[in-house]
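Structure assessment
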Amino acid sequence: QVQLVESGGGLVQAGGSLRLSCAASGRTFTNYGLAWFRQPPGKERERVAGINKSGGSTDYSGSVKGRFSISRDNAKNTMYLQMNSLEPEDTAVYYCAARADGLWFGAQGDYDYWGKGTQVTVSS
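Residues numbered from 1 in each chain as written. Predicted model: local features only at pLDDT ≥ 70, side-chain atom pairs only at ≥ 80, totals over all residues. Heavy atoms only, no water.

1. Topic: the packing of aromatic side chains
The relation between two aromatic rings is expressed through the spacing of the ring centres and the mutual angle of the planes. Which entries qualify depends on this criterion: For this analysis, a ring pair means two rings from Phe, Tyr or Trp (six-membered ring only for Trp) whose centres lie within 6.5 Å, classed as stacked if their planes differ by under 30 degrees, edge-to-face if by over 60, and tilted for the remaining angles. Counting from the N terminus, the helices are the DSSP runs of H or I reaching at least four residues and the strands are the DSSP runs of E reaching at least two. Only protein chains enter the accessibility calculation, which uses a 1.4 Å probe. A residue is then buried if its area is under 20% of the maximum for its type, exposed if over 50%, and partly exposed in between. Two conditions define a charge sitting above a ring: the NZ of Lys or the CZ of Arg must be within 6 Å of the ring centre, and it must be within 35 degrees of the ring normal.
A full pass over the atoms with the stated rule returns six aromatic pairs. On the numbers, 5.2 Å between centres and 80° between planes, the contact of F37 with Y111 is edge-to-face. Highlighted residues: F37 in strand β4 (residues 33–39) and Y111 in the loop between β9 (92–99) and β10 (113–114), separated in sequence by 74 residues. Ring geometry for F37 and W114: centres 4.8 Å apart, planes at 55°, overall tilted. Residue F37 is found in strand β4, and its partner W114 is found in strand β10; the two are separated by 77 residues along the sequence. Given the relative accessible area of 2%, F37 is considered buried. Among the residues examined, W114 registers a relative accessible area of 26% and is labelled partly exposed. Through a chain of ring-to-ring contacts, three or more aromatic side chains come together here, namely F37, Y95, Y111 and W114. Its end group placed over the ring of Y95, R45 keeps NZ or CZ at 3.8 Å from the ring centre. Here the guanidinium or amino end of R45 rests over the ring plane of W114, the centre of that ring lying 4.8 Å away.

Set out below in structure tokens:
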């Protein structure tokens, strides 16, 4: 299995930027399709972005497209989420997730491994 640890969250003003990291350990990182999810306070967890095993294909939810960028560095066993033009509505706990079957899309139930999350708070 793979262990995932998120970092890089914090408090930022609206319009600012943050870069989240997801460091993986365990089995071969390149076997896994990856994604970022988030859970705003009082709401359900939602998928934000996904990336395939090589990093060559990505997708985004409509609410973050054009502002967020997902990437991965397979040599460093790390995935990133660059978040620009942050809005108060982006406030949430952000989670990274991995699929053991190597696919990179799908709902949260399709992902096998999860990090514990990192808090992002955007003030207005």
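More follows now that the structure is in view.
2. Some remarks on the state of the cysteines
Let me state the cut-off plainly: Count a disulfide wherever a pair of cysteine sulfur atoms falls within 2.5 Å.
Under the defined criterion, the tally for this structure stands at one disulfide. Between the sulfur atoms of C22 and its disulfide mate C96 the distance is 2.1 Å. Torsion about the S-S bond of the C22 and C96 cystine: about 65°, corresponding to right-handed handedness. Taken together, the positions of C22 in strand β3 (residues 18–26) and C96 in strand β9 put the pair 74 residues apart, joining distant regions of the chain. For C22, a relative accessible area of 1% puts it in the buried group. Residue classification places C96 among the buried residues on the basis of a relative accessible area of 0%.

3. Details of the sheet that holds β3
Rule in force here: Following DSSP output, two strands are said to pair if at least two bridges run between them. Here an axis means a line fitted to C-alpha atoms, over the contact stretch when the element is a helix, while the angle between two N-to-C directions is reported on a 0 to 180 degree scale.
Here we have four strands laid out as an open sheet, ordered β1-β3-β8-β7, and antiparallel in their pairing. In this open sheet, the two strands that pair with only one neighbour each are β1 (2–7) and β7 (68–73). Across the sheet, the axes of successive neighbouring strands diverge by a mean angle of 15°, strand direction being ignored. Pairing analysis gives six bridges linking β3 to strand β8 (residues 78–83), with the strands arranged antiparallel. Bridged to C22 within β8 is M79.

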